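Examining the three-dimensional arrangement
The chain contents come next:
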Amino acid sequence: MEDRYHPREAHQNPELEKKLRATPFFAGLPERMVDDALAHVVTRTHPPNQVMLLENDWGSSVYFILEGWAKIRTYNIDGKEVTLNILGSGEIFGEMAALDEVPRSTDVITLAPTTIGNMPAQDFVHLVKTEPLAGIRLAQLMGRRLRQVNRRLRLRESDSTSRVADILLFLAEGQGTRDETGGMEIPNLPHRELSSLSGLARETVTRVLSKLEKKGLISRDREMIRIPDVYALERMLT
């Protein structure tokens, strides 16, 4: 893992460059285009609970998460923190400010030791303008995020169990990994983050997670939450 105080160009670390090339955004793009796009990417590692981007910063870079986890945060009119999204390996952030050439609209904070690839905004915009598949990938990313937001908004008036189940499915869709039995594993985030994502009190989230665990719909250890049957959990939303 890169020293967090000494950013390096991605090509100086073959393992990190391999991870960059394997991200959903770059996978399948012409090799020459990817080579050009990654020429000026710099990697840096941040410790947990560190602010990587602040709201109202100017969008001079686009970022790819190579290792770790981060949350996208804003505040409501009462000054309460609201978690908008949780991002993990392979995810991209900072792209909208780069495209719009406006200040950023949210904060980004690490939840674990996190390594990112930092691409100059002009390189990212050039890639999207010159490679049609890159534009399609970006549109797919925006579409997926919009669907996730729409689903969460529809569930805002649902019962607490449905809302917590939806957040677990939301994390599984974006950051879940299959285990050897076909179940899905997601990071066991602090309950305050699940509370902010769902709009429920932390005590309510804790109670619902215990309920789901007793029903066998999830299992937990210190690091991970396992969903043995995603479809069974989805039926909680009906």
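Cut-offs used in this document
Residues numbered from 1 in each chain as written. Predicted model: local features only at pLDDT ≥ 70, side-chain atom pairs only at ≥ 80, totals over all residues. Heavy atoms only, no water. Axes fitted to C-alpha atoms, helices over the stretch in contact; angles between N-to-C directions. Helix = DSSP H or I, 4+ residues; strand = E, 2+ residues; numbered from the N terminus. Parallel < 35°, antiparallel > 145°, perpendicular 65-115°, else oblique. Contact = heavy atoms within 4.5 Å. Nonpolar A, V, L, I, M, F, W, Y, C, P; charged D, E, K, R; others polar. 1 Å grid on protein atoms, 1.4 Å probe; cavity = no way out; pocket = protein on both sides within 12 Å on 5 of 7 lines; lining within 4 Å. Points joined across faces, edges and corners; volume = space filled by probe spheres on them. UniProt positions renumbered as here; feature names shortened; annotations may be inferred. Buried < 20%, exposed > 50% of the residue type's maximum accessible area, 1.4 Å probe, protein only. Pairing = 2+ DSSP bridges.

Right, let's talk about the packing of helix 6 (residues 160–175) against helix 7 (residues 191–198) for a bit. Put simply, helix 6 and helix 7 touch, their axes get as near as 10 Å, and they point 105° apart. The angle between helix 6 and helix 7 places the two elements in the roughly perpendicular class. Contacts from Arg 163, Ile 167, Phe 170 and Leu 171 in helix 6 reach Leu 194, Leu 197 and Ser 198 in helix 7. Considering only residue class, the contact of helix 6 with helix 7 consists of five nonpolar, one polar and one charged.

Here the focus is the layout of surface pockets. For the largest pocket, the calculated volume is near 860 Å³. Forming the boundary of the largest pocket are 38 residues, of which Ile 72, Thr 83, Leu 84, Asn 85 and Thr 106 lie nearest the centre. For the lining of the largest pocket, the secondary-structure elements that each account for two or more residues are strand 5 (70–75), strand 6 (81–87), strand 7 (92–93), helix 3 (95–100), helix 5 (132–154) and helix 7. Here the element with the most residues in the lining of the largest pocket is helix 5; it accounts for seven residues. Each residue belonging to the lining of the largest pocket can be placed in one class, and the counts come to 18 nonpolar, nine polar and 11 charged.

This next bit is on empty space enclosed by the protein. Enumeration according to the criterion identifies two cavities of 30 Å³ or more in this entry. Size it by volume and the second largest cavity reaches roughly 50 Å³. Around the second largest cavity sit Asn 85, Ile 86, Leu 87, Glu 91, Arg 144, Arg 145, Gln 148, Phe 170, Leu 171, Gly 174 and Gln 175, which together line it. When residues in the lining of the second largest cavity are grouped by element, the largest group, four residues, is from helix 6. Grouping the constituent residues of the lining of the second largest cavity by class yields four nonpolar, four polar and three charged.

On to the UniProt feature "domain: Cyclic nucleotide-binding" (unreviewed entry) in the chain. In the numbering used here, UniProt assigns the "domain: Cyclic nucleotide-binding" (unreviewed entry) feature to residues 25–128. Helix makes up 20% of residues 25–128 and strand 39%, whereas the separation of the span's terminal C-alpha atoms amounts to 11 Å.

Our next topic: the UniProt feature "domain: HTH crp-type" (unreviewed entry) in the chain. Mapped onto this numbering, the UniProt entry gives "domain: HTH crp-type" (unreviewed entry) at residues 158–231. A distance of 19 Å separates the end C-alpha atoms of residues 158–231, which is 53% helix and 16% strand.

Among the seven residues that make up strand 4 (residues 61–67), seven are buried, leaving the element largely enclosed by the rest of the structure. In this sheet, strand 9 (residues 114–120) lies alongside strand 4 in antiparallel orientation, the contact comprising six bridges. Counted as the bridge partner of Glu 67 is Thr 115 from strand 9. Bridge analysis of strand 4 against strand 7 gives two bridges, and the strand direction is antiparallel. Its bridge partner lying in strand 7, Phe 64 is registered against Ile 92.

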